[in-house]
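# Survey of secondary and tertiary structure
What follows is the residue order along each chain.
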Amino acid sequence: KCVCSIIFYSSEHQNVSFIVAWDRRDSDLSMRTLSTPSPALICPQNSHGFQNGRGSSSSSSSVTGETVAMVHSPPPTRLTHPLIRLASRQQKEQANIDRLPDHSMIQIFSFLPTNQLCRCARVCRRWYNLAWDPRLWRTIRLTGETINVDRALKVLTRRLCQDTPNVCLMLETVIVSGCRRLTDRGLYTIAQCCPELRRLEVSGCYNISNEAVFDVVSLCPNLEHLDVSASIKLSPLHWQTDLYPLPDMTDCFLTHLYLRRCVRITDEGLRYLMIYCTSIKELSVSDCRFVSDFGMREIAKLESRLRYLSIAHCGRITDVGIRYIAKYCSKLRYLNARGCEGITDHGVEYLAKIAQNSKSLDIGKCPLVSDTGLEFLALNCFNLKRLSLKSCESITGQGLQIVAANCFDLQMLNVQDCEVSVDALRFVKRHCKRCIIEHHQPRFF
């Protein structure tokens, strides 16, 4: 039998409490009805009762192997103290969020990043079910240099694969840029569990290799957007190895590929990319110092499919490479050639006469580009909206006036560190009223 003794007492704060004693044989059953007490509330077994100014008891000490716990009684139904009433009112106001319907809660959760969404799932059962709604897990976004990305991706994909074992069908975007602890293990998890992946951004992740990226490209047939910028170990040349034959990349449908600051990229690597990634619309090889005019010849094989190209700070590219692009990529809309010091007015002339539908052009820090090149540009590219001439030492106000007189739709002009007069800037502003001018002239405003 369960031996139980209850003693009521009154403390100096008039809080009613009681002592419950039960036999160890029925302790499991008794603990089901009582919350687990804290260690500070567990009384020693050799206790001979609770002593109080108003009375004592020793009946509990006669029970062998007993455990004694002190549990406070629930608060009274009527709250009399004003501070208690205020706290209760605040709790009710905070609980009003539970009155929102599920679709409203899901809409609120959709604005949270992945880590905050996981925290919301730990609040209560309802929030747990709402936070793991499949509509909220089309994107995983993790940031931070200290986060264990490999483990996080494994845990998240395992949870998202509960309804469809080993396959996460709802996940379409994974962004883990800047997570330096990401390794090949994390990319293998994505490649094996996310066949519907469409966008992957792993820029700044230094510890990923060619093989892991190859697995993602080959096992995720719907992948369209891949950003591996600043991955210093990556080189498309190594994709052609005995372990990964080239024919396996025939199902590659990449349309956006960003290889900025991948310092091991070469012209030969670009040749293999253009053979098997023929659907690319946007390509960035900025800061790839080994890319030259031969690489531009390979990129030109994309022809009219190419709309965006960034070759900034590729010092080996000259007018020859620009001529390849201008001749075959007739639908190019954006070209970033900043810091390509081998480009001259002849290269700008090729672009102006052939790629007449260009919307944005950046030829900053090209010291060999002068007013002559701007004249070719102004007389052919009437739809130009953005033009950057930053640090072009040979540019003067005369060239800017020719551009302003022909490109009426110009919306952004960067002439910082250029020797242009205030009158030339005023002329541009008068003819291109919607143009925002970035300059260093303090007298022009």
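See the structure shown above.
Presented here is a report on the structure given in the accompanying data block. Model, not experiment: these values are computed from the prediction.

## Some thoughts on the overall build of the protein chain
The secondary structure content of the protein chain amounts to 15 helices and 16 strands. Counting every position in the protein chain, which comprises 445 residues, the buried fraction comes to 44%. A separation of at least 24 residues holds for 73% of the contacts in the protein chain among residues at least 6 apart in sequence. Accessible surface for the protein chain amounts to roughly 24200 Å². Of this, 51% is attributable to carbon and sulfur atoms.

## A word on the packing of helix H6 (residues 149–160) against helix H7 (residues 184–193)
Relative to each other, H6 and H7 sit at 20°, their axes nearing to 8 Å. As judged from the angle between their axes, H6 and H7 are roughly parallel. Handedness of the crossing formed by H6 with H7: left-handed. Across the interface between the two elements, Asp150, Leu153, Lys154 and Thr157 from H6 touch Arg185, Gly186, Thr189, Ile190 and Cys193 from H7. For the contact of H6 with H7, the per-class residue count stands at three nonpolar, three polar and three charged.

## Thoughts on the pattern of salt bridges
According to the stated counting rule, one finds ten salt bridges in the structure shown. In this structure, the salt-bridge partner of Glu224 is Arg198, at a minimum N-O distance of 3.5 Å. Of this pair, Glu224 sits in the loop between helix H8 (210–219) and strand E8 (225–227) while Arg198 sits in the loop between H7 and strand E7 (199–201), and the two are 26 residues apart along the sequence. Judged by its relative accessible area of 35%, Glu224 is partly exposed. Across the pair Lys301 and Glu298 runs a salt bridge, and its minimum N-O distance is 2.7 Å. Among the ionic contacts, a cluster of salt bridges with common partners joins Arg297, Glu298 and Lys301.

## Brief notes about the sheet that holds strand E5 (residues 139–141)
In spatial order, the strands read E5-E6-E7-E8-E9-E10-E11-E12-E13-E14-E15-E16; together these twelve strands make up an open sheet with parallel pairing. Only two strands of the sheet have a single partner each, and these edge strands are E5 and strand E16 (436–438). Each neighbouring strand pair of the sheet contributes to a mean axis angle of 5°, computed without reference to strand direction. Bridge analysis of strand E12 (residues 334–336) against strand E13 (residues 360–362) gives three bridges, and the strand direction is parallel. By the bridge assignment, Tyr334 is partnered in E13 with Ser360.

## Some thoughts on the packing of helix H11 (residues 319–328) against helix H12 (residues 345–354)
Where H11 meets H12, the closest approach of the two axes is 8 Å, and the angle between their N-to-C directions is 5°. In terms of their interaxial angle, H11 and H12 are classed as roughly parallel. Of H12, the residues touching H11 (which contributes Asp319, Ile322, Arg323, Ala326 and Lys327) are His346, Gly347, Tyr350, Leu351 and Ile354. Of the residues assigned to the contact of H11 with H12, the class counts are five nonpolar, two polar and three charged.

## Some thoughts on the environment of Cys252
By the element assignment, Cys252 lies in the loop between E8 and strand E9 (256–258). Setting aside residues up to four positions removed in sequence, Cys252 forms contacts with Val217, Tyr276 and Cys277.

## Focus on the side chain of Ser388
When you line up the elements, Ser388 lands in strand E14 (residues 386–388). Ser388 gets classed as buried once you look at its relative accessible area, which sits at 5%. A polar contact is formed between the side chain of Ser388 and the side chain of Arg338, at a distance of 3.0 Å. Residue contacts for Ser388: discarding those within four places in its chain leaves Arg338, Leu361, Asp362, Ile363, Gly364 and Asn414.

## Quick word on the packing of aromatic side chains
As enumerated under the stated definition, the model contains four aromatic pairs in all. Both rings, one in Trp132 and one in Trp137, keep their centres 4.7 Å apart while their planes meet at 10°; by these two values the pair is stacked. Pair check on accessibility: Trp132 and Trp137 agree, each one buried. Plain terms: the ring middles of Tyr258 and Tyr308 are 6.4 Å apart, the flat faces sit at 70° to each other, and that makes the pair edge-to-face. Here the residue Tyr258 occupies a position in strand E9, and Tyr308 occupies one in strand E11 (residues 308–310), the gap between them amounting to 50 residues. Cluster of aromatic residues (ring-pair linked, three or more members): Tyr258, Tyr308 and Tyr334. Its guanidinium or amino end placed over the ring of Tyr128, Arg125 lies 5.4 Å from that ring's centre, counting from NZ or CZ. Geometry around Tyr272 places Arg271 over its ring, the cationic atom sitting 4.8 Å from the centre.

Here is what the cut-offs are and how they apply
- Residues numbered from 1 in each chain as written.
- Predicted model: local features only at pLDDT ≥ 70, side-chain atom pairs only at ≥ 80, totals over all residues.
- Heavy atoms only, no water.
- Helix = DSSP H or I, 4+ residues; strand = E, 2+ residues; numbered from the N terminus.
- Buried < 20%, exposed > 50% of the residue type's maximum accessible area, 1.4 Å probe, protein only.
- Contact = heavy atoms within 4.5 Å.
- Areas by Shrake-Rupley, 256 points an atom, 1.4 Å probe, with all protein chains shown as cover.
- Axes fitted to C-alpha atoms, helices over the stretch in contact; angles between N-to-C directions.
- Parallel < 35°, antiparallel > 145°, perpendicular 65-115°, else oblique.
- Left-handed = near helix turned anticlockwise from the far one by under 90°.
- Nonpolar A, V, L, I, M, F, W, Y, C, P; charged D, E, K, R; others polar.
- Salt bridge = Lys/Arg side-chain N within 4 Å of Asp/Glu carboxyl O.
- Pairing = 2+ DSSP bridges.
- Polar contact = N/O pair within 3.5 Å; in protein donor to acceptor, adjacent residues only side chain to side chain.
- Phe/Tyr/Trp six-rings, centres within 6.5 Å; stacked < 30°, edge-to-face > 60°.
- Lys NZ or Arg CZ within 6 Å of the ring centre and 35° of its normal.

These results come straight from atomic positions and should not be treated as a statement about function.
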